[in-house]
Amino acid sequence: MNSANTCSNSIRAAFSYCVQQVRSYDYHHYLCLLHLPPAMRKTAFALRAFNVETARAMDVASDPKIGLMRLLWWQDAIDKIFAKKNVEHPTAQALLSVISEHKISKHWLKRSVDARINDASKEGGVLPETIADLERYAEDTMSTMLYMTLQAGGICSTAADHAASHIGKASGLLLLLKSLPYHASRQGRISYIPADVASRHGLLITAHGRSEIKMESGEALSDAVFEVASVASLHLQKARELAPAVPAEALPVLLPAVPAQVLLDTLRRRNFNVFDSRILGGVQGVSPLWYQLKLKWHAWRNKY
């Protein structure tokens, strides 16, 4: 009995850790997850906590090699989790618990961490070639979270899967744009603007034998950001066009379309100047109260 109680307490502590991680580092999605049915919410928090761990691996490491080692550790941890082996990490323990209850695809988890590893393994300063490259990265890291949440709810719907794909791509693209100033301050260069887009707007220069984006780019950078953001906007439009065919039980899973739209609107108000500090204020650039009201309105109307 004591052993069972200890195990139960350990799992509760693991899920509590996951909730806290998501609340601290992915607040706009934390608020989305609160609208999920309880049966899906636990899985969603475990998955989002995993995403937080892998997304922050490179940021919290003092050396890029240490960050990459952390990602490789998670790659190995996934294999252990699906082999029903205990891994001494609360997020891993929460994942082990949810895959025991639900049919979560190992493929999606692996694809997510593999994308992070591939991104971290690139030589410094290497730009993505095209927007399609960014879209693939966004799908691998963001859409996969929605695919697995749908799986946890036992929702089998082609329309819901396609909508999740578009929403994840939009979210991923917009969050990459939002992160440009952070990466520029850490790395001394602008990343995540595709080379072909940068070239069209006269942003590319050659330095140290490689293509880079001019740091003092002004309006030209805003134009490039607008081009990428327009692709994200198109994904959100396509996701909403699928809404009539999406089953009602899938609608709460797709609520992350709301923070994506909020961020897109914020970028538009700031003329796509990602270095405008107001973009980082509140939640996705708006007041927390306004954001929560907007999210609740969409949830109440069964919209995304």
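That block above? That's the structure.
Residues numbered from 1 in each chain as written. Predicted model: local features only at pLDDT ≥ 70, side-chain atom pairs only at ≥ 80, totals over all residues. Heavy atoms only, no water.

A. Quick peek at the packing of helix H3 (residues 38–60) against helix H7 (residues 131–152). Here H3 crosses H7 at 160°, and the two axes come no closer than 9 Å. Considering the angle they form, H3 stands roughly antiparallel to H7. The handedness of the crossing between H3 and H7 comes out as right-handed. Judged by residue contacts, Met40, Thr43, Ala44, Leu47, Arg48, Phe50 and Asn51 of H3 engage Thr141, Met142, Met145, Leu146, Met148, Thr149 and Ala152 from H7. Counted by class, the contact of H3 with H7 contains nine nonpolar, four polar and one charged residues. (Axes fitted to C-alpha atoms, helices over the stretch in contact; angles between N-to-C directions. Helix = DSSP H or I, 4+ residues; strand = E, 2+ residues; numbered from the N terminus. Parallel < 35°, antiparallel > 145°, perpendicular 65-115°, else oblique. Left-handed = near helix turned anticlockwise from the far one by under 90°. Contact = heavy atoms within 4.5 Å. Nonpolar A, V, L, I, M, F, W, Y, C, P; charged D, E, K, R; others polar.)

B. Representation of the pattern of salt bridges in the model. Summed over all chains, the structure comprises 10 salt bridges. A salt bridge links Lys80 to Asp76; the nearest nitrogen and oxygen atoms lie 3.3 Å apart. Taken as a pair, Lys80 and Asp76 lie in helix H4 (residues 64–82) at a separation of four residues, close to a single helical turn. Asp265 is the salt-bridge partner of Arg268, the closest N and O atoms lying 2.9 Å from each other. Of this pair, Arg268 and Asp265 are both found in helix H12 (residues 257–269), three residues apart, which corresponds to roughly one turn of the helix. Given the relative accessible area of 40%, Arg268 is considered partly exposed. Looking at Asp265, the relative accessible area reads 23%, which means it is partly exposed. (Salt bridge = Lys/Arg side-chain N within 4 Å of Asp/Glu carboxyl O. Buried < 20%, exposed > 50% of the residue type's maximum accessible area, 1.4 Å probe, protein only.)

C. Main features of the packing of aromatic side chains. Inspection of every chain in the model, using the stated rule, returns seven aromatic pairs. Between Tyr30 and Phe45, the ring centres sit 5.9 Å apart and the planes meet at 55°, which makes this aromatic pair tilted. Taken together, the positions of Tyr30 in helix H2 (residues 27–33) and Phe45 in helix H3 put the pair 15 residues apart, joining distant regions of the chain. One exposure class covers both Tyr30 and Phe45, and it is buried. Site record: aromatic cluster; members linked through ring pairs are Tyr27, Tyr30 and Phe45. Over the ring of Phe15 we find Lys42; its NZ or CZ atom is 4.7 Å from the centre of that ring. The residue whose ring lies beneath Arg56 is Tyr25, and the NZ or CZ to ring-centre distance is 3.7 Å. (Phe/Tyr/Trp six-rings, centres within 6.5 Å; stacked < 30°, edge-to-face > 60°. Lys NZ or Arg CZ within 6 Å of the ring centre and 35° of its normal.)

D. Quick peek at the pairing of strand E1 (residues 204–207). Strand direction decides the pairing type here: E1 and strand E2 (residues 210–213), joined by four bridges, are antiparallel. Looking across to E2, one finds that Thr206 is bridged to Ser211. Between E1 and the antiparallel strand that follows it, E2, lie two residues; His208 among them carries a positive phi value of about 55°. (Pairing = 2+ DSSP bridges.)

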